[in-house]
Structure formats: structure tokens, C-alpha cells
Amino acid sequence: MNQFLDIAPEVLSALHAGRPVVALESTIISHGMPYPRNAETALAVEKVVREAGAVPATIAILGGRLKAGLTEGEIRRLGEAGHRVAKVSRRDIAGIVASGADGATTVAATMIIAAMAGIRVFATGGIGGVHRGAESSMDISADLDELARTDVAVICAGAKSILDIPRTLEYLETKGVPVVVYRGDEFPAFYTSRSGVPAGTRMDSVGEIAAMLKAKWSLGLGGGAVIANPIPAENEMEPAVINGAIDKAIAEASKEGVRGKDVTPFLLARVKDLTGGDSLESNIALVMNNARLAAAIAERLAAD
Ligand code: PSU
Ligand code: MN
């Protein structure tokens, strides 16, 4: 086994027995939601995965060790530390390991560590993507290139419209990443089930999704896949409300000169405040919904 990696005992025994495991990320805890809802949500998501019959493996870097599976105390610590913990994407992993520091892993870094541990299914809220204005800023999330190279399926609620959704989908197409919409025809926009952008392939059953993933990996077509799971209707936000908040947050980010890895956390926090916290409730609901679908996909993959 990888000398830098610690797999929690429960996760390791599930993997050895071929039972379903679902990876979960930690930047969503430290940088995606405020304390204490972040830690409570992370623990509730683990519970949903368990109730659905799979083993959760929340991923982070602690004391320079890559961790697949955290204790409740470790999850609470990351939640409390919030922005004091480093946000770690692919480029940051080596430095954090070498210095023995803690890091909360993005979608990209979580995929890398999940793959090292032998976990193929990962549930989160939203993926990073091509930012609006990327034609001048060149701000394109490392999540997209990771999806092209690492063999992990990412179950998400699409991408927030803090991003340029059509260009995000163009980029994924160029990189050869399958995009599946579960029971929908448009790519979901995180807080809303529709974005107006038709996307990828519609699939209506877990069996179809698992069969596609198996075929992709059996064919030697490496890389991941985006499984976009639209937010349930009862948790959706009003498009005018959420889009107004997003436009305002983006204008503030550019006025304040926010750049690089700070852009996404800045926008998430501002959108939450500008919607009076309503966006947080939608965010939590959709993560639970994604965890349930991910557990079902992991079970189907484990059964074959
Ligand atoms: N989108 C969300 N919530 C999040 C993130 C994105 O709705 O918490 C986090 C994820 O960890 C994602 C990261 O991988 O932000 C992308 O950051 P960047 O745009 O800097 O690559
Ligand atoms: Mn970026």
C-alpha cells in the first residue's frame, strides 16, 4: 500500500470484502459551508451513506497523512478550523504531505486519494468548472482535468452558475469526460434542477449508470465521469433569487480583486449571506440526495 495513505479500518474491510464504499470530500466542510452546519452536514451525509448500505470514506490530509475515512472528531475539527485549514487541490498535495500539515481536499484531490485507496464512487455537492470570464482570467478548476485522468465517478448536483456552465461542458467534452444527467435532460445548476443547457446523456436508472462506468473502465478508457443528479423539486431555489445573488457576488469578487483558489470559497460564502442562508439549506439537501444516489451506484458496481 501507498506509504502516505491511511485507510480507516471500516473502509479497508469493506474494500477487501468487495462491499460498496462512497468517498466524500472535505473542502466542502472547511470552505463550502459555515461552522457548525458544515460538520453536522458532513456527519449526516455519512449517516445517509450508511443507511443506504454503503461505507462512507470522508477524505482529507491530516498531519501530512492522506486519510480515506475520518473519525467523527476529525470531521468536527475540520469544520471548526474552516478557512484556517488549507484548501488542497492536485498541485498542493505534495507540499502539504512533505510539511506534515492538514489539508481539506477539493473534488480533484479527493478523487486522487480515493483512487489510491481503491474507491471508485464519490459524492459531493458541486464540481468546480470554467469560471465566468475565464477567457481573460484563465480560471478553470483543476477538478475538470482530474475528471479526465482519474478513475472515479463524481456524483454531484451539476455546477453552480457562479461558473460558465456551457463552457464547463465544452471543456469536459474536449477532455473526453462522460456527463450523465440522472432523470433529467438539462445539466442541473446546483440550486436549481435546470440550467437551460442540454447536457450529455440522460440515464433513468442506477443500473444504466453502473453499466456505463463498468464499460468505460473495462475498455481501458481511463478517467472519471460526472453523474449529475438534479436537486429535488422541493429543495430548489427560485432562479431569479439565486441568480441575482450570484451576479452580485461575482461583481463583488471582481471589485475586491479576489483571485485563484479564493474565488470559489468567496462566492459560496457571499451567495449564502445574500440569500439569507436559504442557499445553505438547498445545498445541504442536495448533498444528501447525491450521497443516496452514490451509495446505490457503489452497491451496483460492487454487486457485479
Ligand atoms: N462548489 C460547491 N461547493 C464547494 C466547492 C465547489 O458548490 O465546496 C469546492 C469543491 O471542493 C471543489 C472546489 O472541488 O470548491 C473547487 O474549487 P476551485 O474552483 O478553486 O477549483
Ligand atoms: Mn480556480
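Residues numbered from 1 in each chain as written. Chains lettered and ligands numbered in written order. Predicted model: local features only at pLDDT ≥ 70, side-chain atom pairs only at ≥ 80, totals over all residues. Heavy atoms only, no water.

Outline the pairing of strand β11 (residues 225-228), supporting the account with residue identities and numerical values.
Alternating residues of β11 divide into A225 and I227 and V226 and A228, and every residue in both groups is buried. Alignment of strand β8 (residues 153-156) against β11, held across four bridges, turns out to be parallel. Bridge assignment links C156 to a residue of β11, and that residue is A228. As paired strands, strand β9 (residues 179-182) and β11 are joined by three bridges and run parallel to one another. Across the sheet, residue V179 finds its bridge partner in β11, namely V226. (Buried < 20%, exposed > 50% of the residue type's maximum accessible area, 1.4 Å probe, protein only. Helix = DSSP H or I, 4+ residues; strand = E, 2+ residues; numbered from the N terminus. Pairing = 2+ DSSP bridges.)

Lay out the pairing of β9 with the relevant residues and their values.
Neither face of β9 is exposed, since V179 and V181 on one face and V180 and Y182 on the opposite face are all buried. Sheet topology places β9 next to strand β10 (residues 201-203); three bridges connect them, and they run parallel. Bridge pairing links V180 to T201 in β10.

Before we move on, can you summarise empty space enclosed by the protein with the specific residues and values?
Applying the stated criterion across every chain, the model contains one cavity of 30 Å³ or more. There is about 120 Å³ of room inside the largest cavity. What lines the largest cavity is a set of 13 residues, and nearest its centre among them are E25, I28, I29, A42 and V45. Looking at the lining of the largest cavity, the elements that each hand over two or more residues are α2 (27-30) and α3 (37-51). The dominant element in the lining of the largest cavity, judged by the number of residues it contributes, is α3, at four residues. (1 Å grid on protein atoms, 1.4 Å probe; cavity = no way out; pocket = protein on both sides within 12 Å on 5 of 7 lines; lining within 4 Å. Points joined across faces, edges and corners; volume = space filled by probe spheres on them.)

Which residues make up the pattern of salt bridges, and what values do they have?
If you walk through the whole model with that rule in mind, you get 19 salt bridges. Between R50 and E10 there is a salt bridge, with its nearest N and O atoms 2.8 Å apart. With R50 in helix α3 and E10 in helix α1 (residues 9-16), this residue pair connects regions lying 40 residues apart in the sequence. By relative accessible area, R50 is classed as partly exposed at 39%. Taking the shortest distance from any N to any O, the salt bridge between R270 and D273 comes out at 3.8 Å. With R270 and D273 both in helix α12 (residues 263-274) and three residues apart, this pair spans about one turn of that helix. Assessed through its relative accessible area of 24%, R270 is described here as partly exposed. One salt-bridge network, in which partners are shared between bridges, spans K248, E252, R270, K272 and D273. (Salt bridge = Lys/Arg side-chain N within 4 Å of Asp/Glu carboxyl O.)

Quick rundown of the layout of surface pockets? Include the residues and the values.
Volume-wise, the largest pocket comes out at about 720 Å³. Around the largest pocket sit 38 residues that line it, and K87, T106, S141, D143 and T264 are the ones nearest its centre. Of all the elements in the fold, those that place two or more residues in the lining of the largest pocket are α2, α8 (142-149) and α12. A total of five residues in the lining of the largest pocket trace back to one element, the largest contributor, which is α8. Here the lining of the largest pocket is built from residues that sort into eleven nonpolar, 15 polar and twelve charged. In this model, the second largest pocket occupies a volume close to 360 Å³. Every residue lining the second largest pocket is counted, 16 residues in all, and those nearest its centre are R132, S137, D139, V258 and V263. Put simply, the parts of the chain that give the lining of the second largest pocket at least two residues each are α7 (134-137), α11 (239-255) and α12. Top element by residues in the lining of the second largest pocket is α11. It accounts for three residues. (Nonpolar A, V, L, I, M, F, W, Y, C, P; charged D, E, K, R; others polar.)

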